[in-house]
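Listed here are the chains, written in short residue letters.
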Amino acid sequence: MDFKVADLSLAAFGRREIQLAEHEMPGLMAIRKEYAAAQPLAGAKIMGSLHMTIQTAVLIETLVALGAEVRWVSCNIFSTQDHAAAAVVVGPEGTVDDPKGVPVFAWKGETLEEYWWCTEQALTWPGGDGPNMILDDGGDATLLVHKGAEYEKAGAVPSAAEDDPEEWKIILDLLRRTVSEEKKWTEIASRIKGVTEETTTGVHRLYEMFKAGTLLFPAINVNDSVTKSKFDNKYGCRHSVIDGLNRATDVLIGGKVAVVCGYGDVGKGCADALRGQGARVIVTEIDPICALQAAMDGFQVTTLEDVVEIADIFVTTTGNFNIITAEHMGRMKHNAIVSNIGHFDNEIDMAGLAKIPGIVKQEVKPQVHTWTFPDGHAIIVLAEGRLMNLGCATGHPSFVMSNSFTNQVIAQIELFTKTEDYPIGVYVLPKHLDEKVARLHLDALGVKLTELTKAQADYIGVPVEGPYKPDHYRY
Ligand code: NAI
């Protein structure tokens, strides 16, 4: 088996944590039981690009339990938990000397070149007959296949412009090496039945490609299952934003001024958590609806420019770019904490920060750096501007990820087994499946659901067994 992880000897530790996580992931475990005999993913060759954590290990082993062959990478250079990666490679039946699990190409602290090399490895199936499915988080695997196929069609890979981001230059270099007469990427694209996408940012990319007519295979938008974005993005970040701040800096949050940029699902979770710790939370927004929500939830809403000099903690949650600029960081208080929990690292202008003449970067510990300005004041940047909850802590806890990943598995089954029902397009799972995911998590929390009587169901116009809300309902 080909794989590349940091240290296989961490597998036993990883396995113990996987066993604890399985107990906290009732949705995934119920799906394993439900489909054990049917093996709906037999024949599926799934390439996964999603943070290689303990929770993801339970997802991967669920896909395998349903019959799939899997190859995996992380979707971020800092988010891999090395013991989880090792345990997945060794597998429940294997040993360090005789690994029998799943090929993983991921370790914490990859360079960007290594990151894209890993993505290419996981997309390159031994024997050349796969993958036929992608499970993506942020859309990097989908992007590589699409760009490769596009340049093979054009017959050439374009040269990078000098001011292109470093990462784009790395991608173009990789494609220059791999775009070939044999049409490696076109072949891969033609075999793929579909992609299931985990997060807001990846979903944006998919809708853009579909609109532009360039999407090459159907996609299920897992993010917009209610049991994903209204749980993982919100309650997951409510947990892991504090975990990231604590493990990175251990500053007392109570009494501090915290700015949350963006009040979407992630922003709502972060603002709530910081308030829960006793911070005075200020929100920035561009959308009047979300700004009004933040105001009615009791937060001051203003612009970053207005508060950049008084805040102690900054968290960007927008999925947009250039939210905190180098100029903003130059005006911040001494030792202000600057962090991003959105998917990509361009929410904070790290490139602009590095270009300030005379600025000095010093590592406090991995993923925690001070940047000292020529005037002597410093800021503390978490995870080099990448998502801090996975870079500085361990991401979301198992229970909330069980909701997200149960949607992922159901979406993989849908696209793989009902391919003809999904012509090229971007779909969300039907509401009855969303409700099923929620239902699978109620018992573990001791929730007792009220059942509709037939007369009540008729009165509000829904079936007794659901779905209970129209598609336009917003929760
Ligand atoms: P969302 O679309 O619900 O929220 C983003 C909000 O930012 C929107 O309300 C938008 O109006 C606002 N915004 C955009 N530009 C802005 C600007 N210049 N200033 C202030 N506000 C601005 O998206 P969601 O689901 O909250 O996701 C946000 C990001 O977090 C995405 O990149 C997503 O992929 C990522 N994500 C990260 C997770 C993690 O564990 N770190 C978990 C889930 C999502």
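Here, every reference points to the structure presented above.
One structure accompanies this document, and this report is about it. (Residues numbered from 1 in each chain as written. Predicted model: local features only at pLDDT ≥ 70, side-chain atom pairs only at ≥ 80, totals over all residues. Heavy atoms only, no water.)

1. Topic: the site of the ligand
- Close to the ligand lie 25 residues; Thr199, Thr200, Thr201, Glu285 and Ile341 are nearest.
- One of the side-chain nitrogen or oxygen atoms of threonine 199 is found 2.6 Å away from an oxygen atom of the ligand.
- Alone, the ligand offers 850 Å² of accessible surface; in the complex the protein occludes 85% of this. (Near = heavy atom within 4 Å. Polar contact = N/O pair within 3.5 Å; in protein donor to acceptor, adjacent residues only side chain to side chain. Areas by Shrake-Rupley, 256 points an atom, 1.4 Å probe, with all protein chains shown as cover.)

2. Comments concerning the side chain of threonine 199
- Assignment of secondary structure puts threonine 199 in the loop between strand S5 (194-197) and helix H9 (200-212).
- Residue threonine 199 is classed as buried on the basis of its relative accessible area of 14%.
- In this view, threonine 199 contacts Asp137, Gly138, Asn223, Lys228 and His343; residues no more than four positions away in its chain are not counted. (Helix = DSSP H or I, 4+ residues; strand = E, 2+ residues; numbered from the N terminus. Buried < 20%, exposed > 50% of the residue type's maximum accessible area, 1.4 Å probe, protein only. Contact = heavy atoms within 4.5 Å.)

3. Let's talk about the pattern of salt bridges
- Inspection of the entire model under this criterion finds 24 salt bridges.
- One salt bridge connects aspartate 243 with arginine 247, and the closest N-O pair in it is separated by 2.8 Å. Here arginine 247 and aspartate 243 lie together in helix H10 (residues 226-249), a separation of 4 residues that amounts to about one turn.
- Look at aspartate 243 and you get buried, because its relative accessible area is 16%. (Salt bridge = Lys/Arg side-chain N within 4 Å of Asp/Glu carboxyl O.)

4. Quick look at the nonpolar core
- Grouped together as the largest cluster of nonpolar side chains are 51 residues, with contacts concentrated most on Leu41, Ile46, Met52, Leu63, Trp72 and Val104.
- Ranked by residues supplied to this core, first place goes to helix H17 (residues 398-417) with 9 residues.
- Apart from residues no more than four positions distant in its own chain, methionine 52 is found in contact with Ala57, Ile60, Trp72, Ser74, Ser79, Thr80, Gln81, Ala84, Ala85, Val88, Val104 and Ala106.
- In terms of nonpolar packing, the next biggest core, distinct from the first, is built from 39 residues, Ala122, Trp125, Leu144 and Ile170 among them. (Core = buried A, V, L, I, M, F, W, Y, C linked by side-chain atoms within 4.5 Å.)

5. Details of the layout of surface pockets
- Of the voids in this model, the second largest pocket is the one considered here, and its volume is about 320 Å³.
- Around the second largest pocket, the lining is made up of 18 residues, and of these His146, Lys147, Glu150, Met209 and Thr214 lie nearest the centre.
- The set of elements that each furnish at least two residues to the lining of the second largest pocket consists of helix H6 (140-154) and H9.
- The element best represented in the lining of the second largest pocket is H6, accounting for 8 residues.
- Tallied by class, residues from the lining of the second largest pocket come to 5 nonpolar, 6 polar and 7 charged. (1 Å grid on protein atoms, 1.4 Å probe; cavity = no way out; pocket = protein on both sides within 12 Å on 5 of 7 lines; lining within 4 Å. Points joined across faces, edges and corners; volume = space filled by probe spheres on them. Nonpolar A, V, L, I, M, F, W, Y, C, P; charged D, E, K, R; others polar.)

6. Considerations on helix H11 (residues 265-276)
- When the terminal C-alpha atoms of H11 are compared, their 17 Å separation across 12 residues agrees well with the 16 Å that a helix rising 1.5 Å per residue should span.
- Among the 12 residues that make up H11, 9 are buried, leaving the element largely enclosed by the rest of the structure.
- Within the span of H11, buried status applies to Asp265, Val266, Gly267, Lys268, Gly269, Cys270, Ala271, Ala273 and Leu274.
- The inward-facing, buried residues of H11 contact H10, strand S7 (257-261), strand S8 (280-284), helix H12 (288-296) and strand S10 (313-316).
- Phi turns positive, to about 90°, at glycine 278, one or two residues after H11. (Expected span 1.5 Å × (residues − 1).)

7. Some points on empty space enclosed by the protein
- The final tally for this structure, using the stated rule, is 1 cavity of 30 Å³ or more.
- Roughly 100 Å³ of volume is contained in the largest cavity.
- What lines the largest cavity is Cys75, Asn76, Ile77, Leu112, Tyr115, Asp140, Glu167, His343, Phe344, Asp345 and Arg386.
- For the lining of the largest cavity, the class distribution of residues is 5 nonpolar, 2 polar and 4 charged.

8. As for the sheet that holds S7
- The sheet built from 8 strands is open, its strands ordered S9-S8-S7-S10-S11-S14-S13-S12 with mixed pairing. Edge positions in the open sheet fall to strand S9 (300-301) and strand S12 (360-365), since each of these has one partner strand only.
- Note: S8 against S9, 2 bridges, orientation parallel. In the strand pairing of S9, valine 283 is matched with valine 301.
- Contacts from H11 reach S7, S8 and S10 within the one sheet, and its direction differs from that of S7 by about 175°. (Pairing = 2+ DSSP bridges. Axes fitted to C-alpha atoms, helices over the stretch in contact; angles between N-to-C directions.)

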